[in-house]
Amino acid sequence: SGPWAQIIESGPDNSRYAIVRFYFAAITGAQRQVLLTTPYFVPTEALITALIIAALRGVDVRILTPQRGDSRLVTAAARSYYDELVNAGVVIYEYGPPMLHAKLLVVDERIAAVGSANFDNRSFRLNFESSLLLEDAGMAAELAQLIEREFASAPRVRADRPRPLLSARLPEALARLLAPLL
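The rules we used
Residues numbered from 1 in each chain as written. Predicted model: local features only at pLDDT ≥ 70, side-chain atom pairs only at ≥ 80, totals over all residues. Heavy atoms only, no water. Helix = DSSP H or I, 4+ residues; strand = E, 2+ residues; numbered from the N terminus. Buried < 20%, exposed > 50% of the residue type's maximum accessible area, 1.4 Å probe, protein only. Contact = heavy atoms within 4.5 Å. Areas by Shrake-Rupley, 256 points an atom, 1.4 Å probe, with all protein chains shown as cover. Pairing = 2+ DSSP bridges. Axes fitted to C-alpha atoms, helices over the stretch in contact; angles between N-to-C directions. Phe/Tyr/Trp six-rings, centres within 6.5 Å; stacked < 30°, edge-to-face > 60°. Core = buried A, V, L, I, M, F, W, Y, C linked by side-chain atoms within 4.5 Å. Parallel < 35°, antiparallel > 145°, perpendicular 65-115°, else oblique. Left-handed = near helix turned anticlockwise from the far one by under 90°. Nonpolar A, V, L, I, M, F, W, Y, C, P; charged D, E, K, R; others polar.

Caption draft 1: Spatial organisation of the overall build of the protein. When helices and strands are counted, the protein shows seven helices and nine strands. Across the 182 residues in the protein, those meeting the buried criterion constitute 49%. Contacts in the protein between residues far apart in sequence, at least 24 positions, make up 79% of those at least 6 positions apart. Carbon and sulfur atoms make up 57% of the accessible area of the protein, which amounts to about 9,100 Å² in all.

Here's what the structure looks like:
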């Protein structure tokens, strides 16, 4: 079959949650590669599990998030997920400054999603969002190359990075408690 495109939307006025369900299906169905860029990374537990399981089964899972977002709380919440992801084999890069605004998912250089939705509960369930889904190997490969260039210039989050308890871990743990609201 040839290439196809579809627009999906999510918002508080429906309970289909099409965007988060697409992300979950795409990540769990990945065979080789998952590339993700997002300015706000506060995933649902299901998406964290999907990313971890994909990495553990050998999928190349890489994520690009901003080094410093425009919200300290959201940045701390995002970083609260890093250890479990990195320990499972997910590679995380932190971009910037400036702030990263790209919201893009590419799976197996075959499927891509680009749109307004961040990788967070607020976008998936509370905000009105839309995403363009593409199944087009040529376009998905071009988008993957674009992300790869960003990975090349962004520092990688290391599992052994120094993290003093009070200055990093405690704020992250507190922010994690609020993650469902972010």
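Once you've had a look at it, read on.
Caption draft 2: Expanded view of the sheet that holds strand 4 (residues 60-66). Taken in spatial order, the seven strands of this open sheet run 1-9-7-6-2-4-5, and their pairing is mixed. Each end of this open sheet is capped by a strand with a single partner; those strands are strand 1 (4-10) and strand 5 (91-95). The mean angle between the axes of side-by-side strands here comes to 15 degrees, regardless of whether they run parallel or antiparallel. Sheet topology note: the strand 6 (residues 104-107)/strand 7 (residues 111-115) ladder contains four bridges and is antiparallel.

Caption draft 3: Quick peek at the environment of F151. Inspection of the secondary structure puts F151 in helix 6 (residues 137-152). Relative accessible area serves as the criterion here: at 3%, F151 is assigned to the buried category. Setting aside chain neighbours within four positions, we find F151 in contact with L35, R62, I63, L64 and Y93.

Caption draft 4: Inspection of the packing of aromatic side chains at higher detail. On inspection of all chains with the given rule, the structure shows seven aromatic pairs. Arranged with centres 5.5 Å apart and planes meeting at 50 degrees, the rings of Y23 and F119 form a pair that is tilted. Taken as a pair, Y23 in helix 1 (residues 18-29) and F119 in strand 8 (residues 119-120) lie far apart in primary sequence, 96 residues in all. Judged by its relative accessible area of 2%, Y23 falls in the buried class.

Caption draft 5: Quick peek at the nonpolar core. Ranked by internal contacts, the top residues of the largest apolar core, which has 43 residues, are F22, V34, F41, L51, L85, L105 and F119. For this core, the element with the highest residue contribution is helix 2 (residues 45-56), accounting for seven residues. Apart from residues lying up to four places away in sequence, F41 is in contact with L36, L51, I63, T65, A78, Y81, L85 and F119. Counting residues in hydrophobic clusters, the runner-up holds 15 residues, among them L64, L100, A140 and L143.

Caption draft 6: Local environment of the packing of helix 1 against helix 2. Axis separation between helix 1 and helix 2 bottoms out at 9 Å; the angle between their running directions is 15 degrees. Looking at the two axes, helix 1 sits roughly parallel to helix 2. Relative to helix 2, the crossing made by helix 1 is left-handed. Mapping the contact onto sequence places V20, Y23, F24, I27 and T28 in helix 1 and A46, L47, A50, L51 and A54 in helix 2. The residue inventory of the contact of helix 1 with helix 2, partitioned by class, reads nine nonpolar, one polar and no charged.

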